[in-house]
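Coordinates in review
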Amino acid sequence: MARPDQHVGFTPLLLTLLALLMTSPSLASTTSFFTQCPNAPPGPLAKNPITACPLPGLIGVIPELESTTIQWTYPPRCLGPESLKPNGTRHDCLFTSAEFRNGHGISIIGPASITADLIAQGAFIDRPDPPAAVKRQAGKPAYRVVDVPGKGKGVVAARKVKRGEIVMVDFPSVLISTGFIMVTKPHHRRRLMRAAFNQLPEETKEAVYGLRRGAEKHLVDQIVGTNSNGVELGEEEGFVGVFVKVARINHSCRPNAYYRFSQDRLAMEVVSFRAIEEGEEITMSYVPLEMKHDERRHFLEANWGIECSCSLCRANDYDIGEAENKRRLMKEWKETLQAAKRDKFYKDAITIAQDILQVSERADLPPLLPEYHDILAELYSLKGDLPEALRYARMALNEWVRFGSLDYSELEWAREALEEIVEKDAARTRQLLGIQKAKGG
Ligand SMILES: [Zn+2]
């Protein structure tokens, strides 16, 4: 019951590439977009999000687009080799659908193979939402956009929000491959990005152009540089997406929400880490949570011009140190958890996963329960402790249902995992009964 897209460990190749990217000044300083890739939700076995960032050279396949069944609003535009920086080997195209999500529209720039895969997965089709999501949507909206003193616009809770609730759902207006950003010559890159913006339906286009702008020289960079979130599409390709509603959520180093991106539905779901009071601002961290205090302050200032005044930035040195230690510990444990699972030390992995659940609670970062309960179910099942596996699998399934996520795949995965464990348990019972019968008879 390996989950293809999430439960993947580090590979040495990725780490090497990552090291190269991080240390190469020419690449690292190419654009400020790259520095934004690390922003991704802290899932239990989530890859270090930075590895999802551009890995130039890995993508060289020019795909077949014959499987295309979607009607693009404009003819796709692809870049030729002359648009690439020296040694670049990519083939990026722009696709725009104005129909996407009932006229919200989407432009996507990246390898055509990825767009082809998304089409094949049905990501562009408006399928009916899962029943739990329909129920959630029928309830009172959880947020509203307001003016926040000193921060421009911000998002606050419009009612009391429970822990684990989906407070906002948003769809990308543009999705841009970070690999494309890295290796395309700047004027070619900007021209295609401008087209991606301008081909959007009027209302969405206006919303995108109305977003806060950074200090970059060119308009498209000002918008994408300040308002994008890192997501992963296909197997490993990092993208930045402009999500107009999510972009209104301000940063905090002690956030009360995080996001999950459903590749399945191309939906961004903002989920609360903890209960949020009515009127309280909803915040997310723009930077990896493990980042050190000084580094983080510098990073926020350099990338978003933010001088953060959240409770953690105002805390005393002791509290800052404590928070940093806990976050670093969690990160180390997550890596150890991946390694332990990979090397089949299931007992150790279970202990670590339980530890993470406990410490994250005390670190003001309550764990992402369904994700962790999924992984515990899997670990117990692998270890052969089926009653515990069943217990966690049921908990995970209930939590996914309660979430009301648009994503079918997580729910389906949890359901299949539970069925598999039930079946395994039944088989074992039959076997035991058979042995007893043989002994008794
Ligand atoms: Zn802060």
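No experiment lies behind these values; they were computed from the predicted model shown. Numbering of residues starts from 1 in each chain and follows the order in which that chain's sequence is written. Under the rules for a predicted model, residues below a pLDDT of 70 receive no local features and side-chain atom pairs below 80 are neither given nor counted, while totals for whole chains, interfaces and linings still include all residues.

Focus: the environment of Lys205
Numbering of helices and strands runs from the N terminus; a helix is a DSSP stretch of H or I covering at least four residues, while a strand is a stretch of E covering at least two. Secondary-structure assignment places Lys205 in helix H8 (residues 202-209). Backbone-placed C-beta atoms define the burial measure: a residue is buried with 20 or more other C-beta atoms within 10 Å of its own, exposed with 12 or fewer, and partly exposed in between. By the C-beta count within 10 Å, which is 16 here, Lys205 ends up partly exposed. Through-space distance from the C-alpha of Lys205 to that of His104 is 9.5 Å; in sequence the pair is 101 residues apart.

Observations regarding helix H16 (residues 408-440)
A helix is expected to span 1.5 Å for every residue after the first. Across its 33 residues, H16 extends 47 Å between first and last C-alpha, which sits within 8% of the 48 Å expected from 1.5 Å per residue. For H16, the full list of buried residues reads Glu410, Leu411, Trp413, Ala414, Ala417, Leu418 and Ile421.

Description of the sheet that holds strand E2 (residues 92-97)
Any two strands with at least two DSSP-identified bridges between them are counted as paired. Ordered by their spatial adjacency, six strands build an open sheet running E1-E2-E3-E7-E9-E8, and the pairing between neighbours is mixed. Looking at which strands have only one partner, the edges of the open sheet turn out to be strand E1 (77-78) and strand E8 (228-233). Seen against the sheet, helix H9 (residues 219-227) touches strand E7 (174-177), E8 and strand E9 (237-242) and runs at an angle of roughly 105 degrees to E9. Residue pairs qualify as contacts under a 7 Å threshold applied to their C-beta atoms, which are placed from the backbone. Lines fitted to the C-alpha atoms define the axes, with helices restricted to the stretch that makes contact. Angles between their N-to-C directions range from 0 to 180 degrees.

Observations concerning the sheet that holds strand E12 (residues 267-272)
The antiparallel open sheet is built from three strands, whose spatial order is E6-E12-E11. Because the sheet does not close on itself, it has two edges, and the strands there are strand E6 (166-170) and strand E11 (257-262). Averaged over all pairs of adjacent strands, the angle between strand axes in this sheet comes to 20 degrees, irrespective of strand direction. With four bridges connecting them, E6 and E12 associate as antiparallel partners.

A closer look at the nonpolar core
Buried Ala, Val, Leu, Ile, Met, Phe, Trp, Tyr and Cys residues form a nonpolar core when they are connected through C-beta atoms within 7 Å. Membership of the largest hydrophobic core comes to 91 residues, with the highest contact counts inside it found for Val167, Ile176, Val270, Ala353, Leu376, Ala377 and Ala393. Here this core takes seven residues from helix H15 (residues 386-403), the largest share from any one element. Counting residues domain by domain, this core receives three or more from each of domain 1 (12-288) and domain 2 (326-440). When sequence neighbours within four positions are dropped, the list of residues in contact with Val270 reads Ile166, Val167, Met168, Val246, Ile249, Ala257 and Tyr259. What fixes the domain bounds is an automatic or database domain assignment.

Considering the packing of H15 against H16
Here H15 crosses H16 at 155 degrees, and the two axes come no closer than 9 Å. As judged from the angle between their axes, H15 and H16 are roughly antiparallel. H15 and H16 meet at a crossing whose hand is left-handed. Within the contact between the two elements, H15 uses Leu386, Ala389, Leu390, Ala393, Arg394, Ala396, Leu397, Trp400 and Val401 and H16 uses Glu410, Leu411, Ala414, Arg415, Ala417, Leu418, Ile421, Val422, Lys424, Asp425 and Arg428. A class-by-class count of the residues in the contact of H15 with H16 yields 14 nonpolar, no polar and six charged. Note on angle classes: values under 35 degrees are labelled roughly parallel, values over 145 roughly antiparallel, values of 65 to 115 roughly perpendicular, and the remainder oblique. Crossings are assigned a handedness: left-handed for a near helix turned anticlockwise from the far helix by less than a right angle, right-handed for a clockwise turn. Polar here means any residue outside two lists: the nonpolar Ala, Val, Leu, Ile, Met, Phe, Trp, Tyr, Cys and Pro, and the charged Asp, Glu, Lys and Arg; Gly therefore counts as polar.

A word on the pairing of E9
Residues in a regular strand point their side chains to alternate faces of the sheet. The buried count for E9 comes to six of six residues, which makes it a mostly enclosed element. Neither face of E9 is open: one carries Glu237, Phe239 and Gly241, the other Gly238, Val240 and Val242, and all of them are buried. Sheet topology note: the E7/E9 ladder contains four bridges and is antiparallel. Each residue of the ladder has a partner; that of Val174, found in E9, is Val242. As defined by bridge partners, E8 adjoins E9 across six bridges and the pair is classed as antiparallel. Across the sheet, Ser228 pairs through a bridge with Val242, a residue of E9. In textbook terms, the turn of a hairpin is the stretch between consecutive antiparallel strands, and for E8 and E9 this stretch comprises three residues, one of which, Gly234, has a positive phi near 65 degrees.

Topic: the pairing of E8
Among the six residues in E8, six count as buried, and that is most of the element. Side chains Ser228, Gly230 and Glu232 of E8 all project onto a buried face; the interleaved residues Asn229, Val231 and Leu233 project onto the opposite face, where all are buried too.

What about the confidence of the model for the protein?
Note that predicted coordinates carrying low pLDDT should not be read in detail. Every residue is assigned a pLDDT by the predictor, reflecting its confidence on a scale from 0 to 100. Of all residues in the protein, 82% have pLDDT values of 70 or greater, and the mean over the chain is 78. Low pLDDT, under 50, characterises residues 1-68; the predicted model gives this stretch 121 contacts beyond four residues in sequence or across chains.

Describing unusual backbone geometry
Phi is positive for Arg101, which is not a glycine, with a value near 50 degrees. Within the secondary structure, Arg101 sits in helix H3 (residues 100-103). Residue Arg101 is classed as partly exposed on the basis of its C-beta count, with 17 C-beta atoms lying within 10 Å. In this structure, Leu266 is a non-glycine residue whose phi angle is positive, near 50 degrees.

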